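Descriptive analysis of the structure
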Amino acid sequence: MSETGWQVLVVDDNPIVRMGLRMMLEAMAEVESVVEAQDGAEALDLLAAGGIDIGFLDVRMPVKDGLSVLRETTASAPLVMLTHSDEPAIIKEALSLGAAGYLVHGAFQPAELHGALCTSVRGGAVLSPQAAQVAFGAGSAPERDAVPQAALESEQGQDGIETQQRPSLGLTRREVELMAELVRGGSNADIARQLFLSEKTVKNHLGRIYAKLGVPSRAGAIVTWMAR
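An account of the accompanying structure is given in this report. In every chain, residue numbers begin from 1 and rise along the written sequence. Owing to the predicted nature of the model, reporting of local features is limited to residues with pLDDT of at least 70; listing and counting of side-chain atom pairs is limited to 80 or more, with chain, interface and lining totals taken over all residues. Hydrogens and water molecules were not included; the side-chain quantities draw on all heavy atoms of the structure.

**Focus on the overall build of the protein**
Counting its regular elements, the protein contains 11 helices and 6 strands. A simple rule labels every residue: compare its accessible area, found with a 1.4 Å probe on the protein chains alone, to the largest value its type can have, and call it buried under 20%, exposed over 50%, or partly exposed in between. The buried share of the protein, reckoned over its 228 residues, is 50%. Shrake-Rupley sampling with a 1.4 Å probe provides the accessible areas, and residues are treated as covered by the protein chains on show and by no other component. Carbon and sulfur atoms provide 50% of the accessible area of the protein, an area that totals close to 10,700 Å². Starting at the N terminus, helices and strands are each numbered in turn, a helix being any DSSP run of H or I of at least four residues and a strand any DSSP run of E of at least two.

**Quick look at the sheet that holds strand β5 (residues 101-104)**
Paired strands are those between which DSSP finds at least two bridges. With parallel pairing, 6 strands are arranged side by side in an open sheet as β2-β1-β3-β4-β5-β6. At either margin of the open sheet sits one strand with a lone partner, and together these are β2 (31-37) and β6 (126-127). Bridge analysis of strand β1 (residues 6-11) against strand β3 (residues 54-57) gives 4 bridges, and the strand direction is parallel. Bridging from a neighbouring strand, L9 pairs with G55 of β3. In this description, contact between two residues means that some pair of their heavy atoms is separated by no more than 4.5 Å. Axis angles are defined between N-to-C directions and span 0 to 180 degrees, where every axis is a line fitted to C-alpha atoms and, for a helix, only to the segment in contact. Across the sheet, helix α1 (residues 15-26) lies against β1, β2, β3 and β4 (79-83), angled at about 170° from β2, the strand it touches most. Packing against the sheet, helix α4 (residues 88-96) makes contact with β4, β5 and β6, and its axis sits at approximately 150° to β5.

**Structural notes on the pattern of salt bridges**
The term salt bridge refers to a pairing of a side-chain nitrogen on Lys or Arg with a carboxyl oxygen on Asp or Glu at a separation within 4 Å. Applying the stated criterion to the full structure yields 10 salt bridges. For the salt bridge of E93 with R71, the shortest nitrogen-to-oxygen distance reads 2.4 Å. Here E93 is found in helix α4, whereas its partner R71 is found in helix α3 (residues 66-72), with 22 residues between them in sequence. R208 is the salt-bridge partner of E175, the closest N and O atoms lying 3.9 Å from each other. Of this pair, E175 sits in helix α8 (residues 173-183) while R208 sits in helix α10 (residues 199-213), placing them 33 residues apart in sequence.

**Focus on the environment of V31**
For V31, the position within the fold is in strand β2. Looking at V31, the relative accessible area reads 10%, which means it is buried. Each C-alpha atom, one on V31 and one on D53, is 9.7 Å from the other, the two residues being 22 residues apart in sequence. Excluding anything up to four places from it in sequence, V31 contacts W6, V8, L25 and L117.

**Some remarks on the packing of α8 against helix α9 (residues 188-195)**
It is at 10 Å that the axes of α8 and α9 come closest, and there the two elements cross at 130°. By the angle class used here, α8 and α9 are oblique. As for how α8 packs across α9, the hand of that crossing is right-handed. Residues R174, E177, L178, E181 and L182 of α8 lie in contact with α9, whose contacting residues are I191, Q194 and L195. Any residue outside Ala, Val, Leu, Ile, Met, Phe, Trp, Tyr, Cys, Pro, Asp, Glu, Lys and Arg is labelled polar, Gly included; the first ten of those are nonpolar and the last four are charged. The residue makeup of the contact of α8 with α9, split by class, is 4 nonpolar, 1 polar and 3 charged. Any angle that falls under 35 degrees is termed roughly parallel, while one over 145 is termed roughly antiparallel, one within 65 to 115 roughly perpendicular, and all others oblique. Put simply, a crossing is left-handed when the front helix is turned counterclockwise from the back one by less than a right angle, and right-handed when it is turned clockwise.

Here it is, written out as structure tokens:
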């Protein structure tokens, strides 16, 4: 990561969409530069070259689509789907492939894009209302992007303690506590503070949780956890 700001990759085959995103992102103090790609093949090359701190990917593109990028990249930068597609099957597949989040055009404002940028770079998961509705099951969509408070309330009683009314999926009590913080949208640092752990311990717990749930990412863990 650059000492002066983040380098953001925007991948979309529509040049108007890329221009609009570039304008919004370049106005954010944390962003040093915005790099553009018009398809997934270009995106993979840019990610492989390094230096990208976060990428926003369209789903449907020529040459190689956004889901293919998720499957094929070896880069560690978080990749957030930013697309017009709100099809449940695509949302589920993207999150299962390791997307750090899923945003739908028209469902967020610049301030919310800024929040999604910061949350993703710092290790959190972000979801537009449509994506959150898919991730957390049937019912009315949350009003905000990122992980909704409604999801947290379904996990915890009024005293904030895990209700244990749903299966733990083989997680230990400590891992269940960590999942509750993950559902809040907390970064590793946030979770470490809340649970009085080191960030390294949180990272180790997350690795074991991902393995137990059979998912590659935070967003995938949240989807699997909330669907149980």
